[in-house]
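Commentary on secondary and tertiary structure
Chain by chain, the residues:
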Amino acid sequence: MKTALLFPPQWYPSQPYLALPTLKAHLESRGHEVDQFDFNIESYEIFLSREYLNRCVEIVQTRLSLPAYTTEEQEVKAVYRDIISDKDFLDSVLNEVEDAKNVLRDEERFFQFEVYKKAYTTLKTAMRLISYAYHPSRLDLDSFFMLGNPEENLAGILSATADRVRNPFIAMYEDHLIKNVAWDDYGLAGLSIIHVGQVIPGLTLARILHKRFEHLHIVIGGSVFNRHADLLDNKQVLFEEFFHSVIVSEGEKPLAELVAHLTAGESLATVPNLIYMDGGKVARNAKVEALPYEQLVCPTFDQLPLEKYLMPYPVLPYMSSRGCYWGKCTFCTHSFIYDSYYRKANEVRVAEELDHLSQKYKTKYFTFSDEAISPNAFNRMSREILKKGVEMRSLGMLKFESGDKESPELFEDIYRAGFLMLFFGLESANDRILSIIDKGCDQATERSVLKNSSAAGIWNHLYLFFGFPTEEREEAEDTIRFTVENSEVGSGTIHSVGQSIFALEKDSAIYHNPGKFKIDRVLHDPERDMAIVFDFDIKAGMVREEVMDVYEHFDTVIEESFPSRKIWNYLSREHFLLYLDHFGKEEILNMSRATVPLSSSAPRGG
């Protein structure tokens, strides 16, 4: 039996996502026949075309001619009139969108920043035009949102996946993507849904396939439904309308078992980690421990259209470990799909696989998808990469440990191995907040490690958030002060930063122990029966309005303290990796002084 693996929209168009290449490689190593399809990048190829945008203009004209019964409809009609009447705007987008797409694929023009910036802005504008056609839904170069967050409840999912007015993916699949696959050749279709922005597009695809191709067994995997697993007992309609089964936790072993059972016509009762319908009820099979790293195989990117990603060269994702070696941060849910089971590859194998992938796909660019690489693993891995002579340029995630473990010598080896950019989860620079987050470090450690990393030539990017339970204004100011002191206008050890507001996520330590963090009540809205993020009541710390005020103030601080934001604010992390390799850290800092600011929303790196 042949398997089709599908990655649905809406995700970043810079590189493939790692799930499908990993699963394809594993299934093939077990003798199964597998094809993989990245419907995400294929949808961008259609969205960002003159033909599609012309169709969107026609949709806007049609919607403009319809009666407006509500205040919202009247307001959007005013916007529609402005769009249709602005011929110069429409011509510029329609005439330039194809070339703008190609700029990001063209080596010469990609590195001309003003040309790049104009192309990037054109593509953002094109996505905004599509959003108007499907108003009030919003599409961007990395996300898809529908009004009311329908992915958070069963009724919303049922409605949104059938809504031809507000859901552009129904027509995208029916008119374009589905007809390009010979579905009769397959017995199983596996969809990976790894982000909330994929839920409606992914389930729209599943619903169409479920209805049209009755012979297909449709299985869902990925982090979103892994976190929904405990909610599915009374959601039989999902199995009846959208998919036949769900795989939880890591997918290699269960998916291979599922393919084998379906091929042999056997009962699914012994397929591990599987949720499915049995006798009209939702059944759950026993979970098994994920495969050790020795039984995992190198991912394969065969069949993926690497030339279609919006990059001048392929940038491939890679993982050297699964789970998080620390695994204690009280807000985090990243390791949930790994059942908090951390293991890593042998560093010799890592160097060999990077060399293999580099030669096979003719690229030296990689992004490490590890939750965090330990200092010891980084040390051994860097030395093996250098020893084997692998030409690599990459980025990775690192946790603050200590100035001794994360020494100048370590970062020198990391940099020489090809890691040009490191992402640190700072979260906060206040010692009390760091303690209750259980980060295992303090502000002094953060300062020391950033100094060591920067001195080696590495670009340091920080993630941080405001509004952790009980955080006071002066504690948030500690983080702001630390960022400014070490910014470009300060010590120069922080080079870019992305901020967010704390979100209480299902399955985090805080969610399961709210009282420990002085949360009085987690608000469970029955109309959000598939929510992942929750509101909560708390009497300690900043109120929501004050958190928003701090967040907005910090945005101004970033603008003033990081002149290079005029460069990195436009670039996805993959694009920025190429810029770092092409220009070097110092030249990018110099470029920013000659760059005229232009309004833009923050990219993936932020």
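Small disclaimer: the values here were computed from a predicted structure and weren't measured.

Moving on, we get to the sheet that holds strand 17 (residues 496-501). Hydrogen bonds between backbone groups are what pair the strands of a sheet, and the pairing can be parallel or antiparallel. If you walk across this open sheet you meet the six strands as 10-13-14-15-16-17, and the pairing is parallel. Each end of this open sheet is capped by a strand with a single partner; those strands are strand 10 (315-318) and strand 17. Each adjacent strand pair in this sheet contributes to an overall mean axis angle of 20°, direction not counted. As paired strands, strand 10 and strand 13 (residues 365-368) are joined by four bridges and run parallel to one another. Bridge pairing in strand 13 links valine 315 to tyrosine 365.

Scanning the entire structure with this criterion turns up 49 salt bridges. With its nearest N and O atoms 2.7 Å apart, the salt bridge here joins arginine 565 to glutamate 559. Each of Glu45, Glu98, Lys101 and Arg105 takes part in salt bridges that share partners, so that together they form one network.

Within the secondary structure, glutamate 241 sits in helix 12 (residues 236-241). The sequence separation of glutamate 241 and valine 97 amounts to 144 residues, and the corresponding C-alpha distance is 37 Å. Setting aside its immediate chain neighbours within four residues, glutamate 241 contacts Arg207 and His210.

Right, let's talk about the confidence of the model for the protein for a bit. Confidence in the prediction of the protein, expressed as mean pLDDT, is 93, and 98% of residues score 70 or more. Confidence drops under a pLDDT of 50 for residues 597-606, and excluding neighbours within four residues, the segment shows 31 contacts in the predicted structure.

Reading across from one edge, 18-20-19 is the order of the three strands in this open sheet, with antiparallel pairing throughout. Since the sheet does not close on itself, it has two edges, and those belong to strand 18 (504-505) and strand 19 (519-523), each with one partner.

An α-helical turn contains 3.6 residues, so any two residues separated by three or four positions project in the same direction. With eight of 11 residues buried, helix 23 (residues 573-583) lies mostly within the body of the structure. When we look at burial in helix 23, the residues that qualify are Arg573, Glu574, His575, Phe576, Leu577, Leu578, Tyr579 and Leu580. One or two positions beyond helix 23, positive phi appears at glycine 584, with a value near 90°.

This paragraph deals with unusual backbone geometry. The omega torsion across proline 9 and glutamine 10 is 5°, close enough to zero to call that bond cis. Inspection of the secondary structure assignment puts glutamine 10 in the loop between strand 1 (2-7) and helix 1 (19-29). Looking along the chain, the bond that leaves histidine 135 and enters proline 136 is cis, with omega of 5°. Following the sequence through the fold, proline 136 ends up in the loop between helix 7 (113-133) and strand 3 (138-139).

One finds Leu48, Trp183 and Phe243 to be the most contacted residues of the largest nonpolar core, which totals 163 residues. If one sorts the elements of this core by residue count, helix 7 sits on top with 10 residues. When near neighbours in sequence (up to four residues on either side) are disregarded, phenylalanine 243 contacts Leu203, His210, Ile218, Ile220, Phe225 and Leu238.

Here the focus is the pairing of strand 13. Side chains Tyr365 and Thr367 project from strand 13 onto one buried face, and the interleaved Phe366 and Phe368 project onto a second face that is buried too. Where strand 13 meets strand 14 (residues 393-398), three bridges bridge the pair, whose relative direction is parallel. Considered in strand 14, the bridge of threonine 367 is made with leucine 395. Assessed by its sense of winding, the connection that carries the chain from strand 13 through helix 15 (residues 375-388) to strand 14 is right-handed.

Applying the stated criterion across every chain, the model contains 45 aromatic pairs. Taking the centre distance of 5.7 Å and the plane angle of 80° together, the rings of phenylalanine 225 and phenylalanine 243 count as edge-to-face. With phenylalanine 225 in helix 11 (residues 223-228) and phenylalanine 243 in the loop between helix 12 and strand 7 (245-247), the pair connects residues that are 18 residues apart, well separated along the chain. Between tyrosine 579 and phenylalanine 583, the ring centres sit 5.2 Å apart and the planes meet at 50°, which makes this aromatic pair tilted. Here tyrosine 579 pairs with phenylalanine 583, and both are found in helix 23, just four residues apart, close to one helical turn. When its relative accessible area of 0% is taken as the criterion, tyrosine 579 is described as buried. Exposure remark for phenylalanine 583: the relative accessible area of 25% places this residue in the partly exposed category. Directly above the ring of tryptophan 326 sits lysine 328, whose terminal nitrogen or CZ lies 4.4 Å from the centroid. Positioned above the aromatic ring of tryptophan 326, the side-chain terminus of lysine 399 is 4.1 Å from the ring centre.

It is worth spelling out helix 10 (residues 199-212) at this point. Across its 14 residues, helix 10 extends 20 Å between first and last C-alpha, which sits within 8% of the 20 Å expected from 1.5 Å per residue. Most of helix 10 is tucked away, with 12 of its 14 residues classed as buried. Along helix 10, the positions that sit buried rather than exposed are Val199, Ile200, Pro201, Gly202, Leu203, Thr204, Leu205, Ala206, Arg207, Ile208, Leu209 and His210.

Here tyrosine 52 is to be found in helix 3 (residues 50-65). Remark: the alpha-carbon pair of tyrosine 52 and alanine 286, spanning 234 residues in sequence, is separated by 46 Å. If sequence neighbours within four positions are ignored, tyrosine 52 has contacts with Ile46, Phe47, Ile130, Tyr134, Pro168 and Met172.

Reading the values: rules and limits
Residues numbered from 1 in each chain as written. Predicted model: local features only at pLDDT ≥ 70, side-chain atom pairs only at ≥ 80, totals over all residues. Heavy atoms only, no water. Pairing = 2+ DSSP bridges. Helix = DSSP H or I, 4+ residues; strand = E, 2+ residues; numbered from the N terminus. Axes fitted to C-alpha atoms, helices over the stretch in contact; angles between N-to-C directions. Salt bridge = Lys/Arg side-chain N within 4 Å of Asp/Glu carboxyl O. Contact = heavy atoms within 4.5 Å. pLDDT = per-residue confidence, 0-100. Buried < 20%, exposed > 50% of the residue type's maximum accessible area, 1.4 Å probe, protein only. Core = buried A, V, L, I, M, F, W, Y, C linked by side-chain atoms within 4.5 Å. Right-handed = clockwise from strand over helix to strand, strands pointing away. Phe/Tyr/Trp six-rings, centres within 6.5 Å; stacked < 30°, edge-to-face > 60°. Lys NZ or Arg CZ within 6 Å of the ring centre and 35° of its normal. Expected span 1.5 Å × (residues − 1).

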